Amino acid sequence: EAGVVQSPRYKIIEKKQPVAFWCNPISGHNTLYWYRQNLGQGPELLIRYENEEAVDDSQLPKDRFSAERLKGVDSTLKIQPAELGDSAVYLCASSLDPGVYTEAFFGQGTRLTVV
Amino acid sequence: AQKITQTQPGMFVQEKEAVTLDCTYDTSDQSYGLFWYKQPSSGEMIFLIYQGSYDEQNATEGRYSLNFQKARKSANLVISASQLGDSAMYFCAMRGLSGGSYIPTFGRGTSLIVHP
């Protein structure tokens, strides 16, 4: 069974440019997460989806970040415009459900460098 | 609010020895899950082991075991018979119900280096 797939793996952009990340979760997983991981830190949740609905986006900087999950499967995370402080690894994860006892599986992440 | 604390920025262990990575947590929830992930230099977070707050027995998965002490709010990861491939960052995480939503929270991680 395929795991969580993310693309691109690496992205270098100039500040003020837009950038988008794509995530394909494990088949059948209704819950999808986007995390940001700064250097030397643990992942921090940006947004969580239950099927197509964004149910937890309190940590998403909505002035420049947006996300969507069409048809409750693939998801994209966009930053426009990017700032130097957005340099980080963006991780996507999925799980069968959001329950406290359900493990989440992660993709390999997208390493973003804003110059 | 939930909080995960990993007090060991780095740990060293000799190959074939056992090592314990510490994790303490803080939550007011009665029902929660505790997870450990491994993150090698490639960047992917690999799920290792999970413990439910109501589980009475410590979780085990192969060479990984979780030393769960609920009263002390600790969930330490024990890796037995360390291998060179165990060198990686290790993150403790929990998921509990907060404000009507299940919020996953991660610690800052512990870097483990296994030397021959």
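The structure contained in this document is the topic of the report that follows.

Conventions used here
Residues numbered from 1 in each chain as written. Chains lettered and ligands numbered in written order. Predicted model: local features only at pLDDT ≥ 70, side-chain atom pairs only at ≥ 80, totals over all residues. Heavy atoms only, no water. Core = buried A, V, L, I, M, F, W, Y, C linked by side-chain atoms within 4.5 Å. Buried < 20%, exposed > 50% of the residue type's maximum accessible area, 1.4 Å probe, protein only. Helix = DSSP H or I, 4+ residues; strand = E, 2+ residues; numbered from the N terminus. Contact = heavy atoms within 4.5 Å. Polar contact = N/O pair within 3.5 Å; in protein donor to acceptor, adjacent residues only side chain to side chain. Disulfide = S-S within 2.5 Å. Buried area = accessible area lost by both parts, 1.4 Å probe. Salt bridge = Lys/Arg side-chain N within 4 Å of Asp/Glu carboxyl O. Nonpolar A, V, L, I, M, F, W, Y, C, P; charged D, E, K, R; others polar.

### Notes on the nonpolar core
Membership of the largest hydrophobic core comes to 24 residues, with the highest contact counts inside it found for W36, I49, L77 and Y90 of chain B. Of all elements in the fold, only β3 (19-21), β5 (32-39), β6 (46-52), β8 (64-69), β9 (74-79), β10 (88-98) and β12 (110-115) of chain B reach the threshold of two or more residues within this core. Sorting elements by how many residues they give to this core places β10 of chain B first, with four residues. When residues no more than four places from it in sequence are discounted, the contact partners of I49 of chain B are L34, F35, W36, A59, T60, E61, Y64, S65, L66 and L77 of chain B. Core analysis: the next-biggest nonpolar cluster, separate from the first, contains 21 residues, I13, F21, L46 and A88 of chain A among them.

### Concerning the environment of Y54 of chain B
Mapped onto the elements of the fold, Y54 of chain B is located in the loop between β6 and β7 (60-61). With a relative accessible area of 51%, Y54 of chain B lands in the exposed category. Taking the C-alpha atoms as reference points, Y54 of chain B and Q30 of chain B, separated by 24 residues in sequence, lie 8.6 Å from one another. Those residues within four positions of Y54 of chain B in sequence are excluded, and the remaining contacts are Y101 of chain A together with Q30, S31 and K70 of chain B. In terms of polar contacts, Y54 of chain B uses its side chain to reach the backbone carbonyl oxygen of Q30 of chain B, at 3.3 Å.

### Description of the state of the cysteines
Residue and element names in this part refer to chain A. Applying the stated criterion across every chain yields a total of two disulfides over all chains. The partner cysteine of C23 in its disulfide is C92, sulfur to sulfur 1.9 Å. Judged by the sign of its S-S torsion, about -70 degrees, the cystine formed by C23 and C92 is left-handed. Of the two residues, C23 sits in strand β3 (residues 19-24) while C92 sits in strand β9 (residues 88-95), which places them 69 residues apart along the sequence. Assessed through its relative accessible area of 0%, C92 is described here as buried.

### What to know about the interface of chain B and chain A
How large an interface is tends to be reported as the accessible area lost when its parts come together. If you look at the interface, chain B gives 26 residues, while chain A gives 24 residues. Taken over both partners, the interface formed by chain B and chain A buries close to 2000 Å², and the fraction arising from carbon and sulfur atoms is 51%. Where chain B touches chain A, the interface holds zero salt bridges. Across the chain B-chain A interface, the total number found is five residue pairs in polar contact (both at pLDDT 80 or more). Elements supplying a minimum of two residues to the side of chain B that touches chain A: β5, β6, β10 and β11 (101-106) of chain B. Partitioning the side of chain B that touches chain A into residue classes produces 13 nonpolar, 10 polar and three charged.

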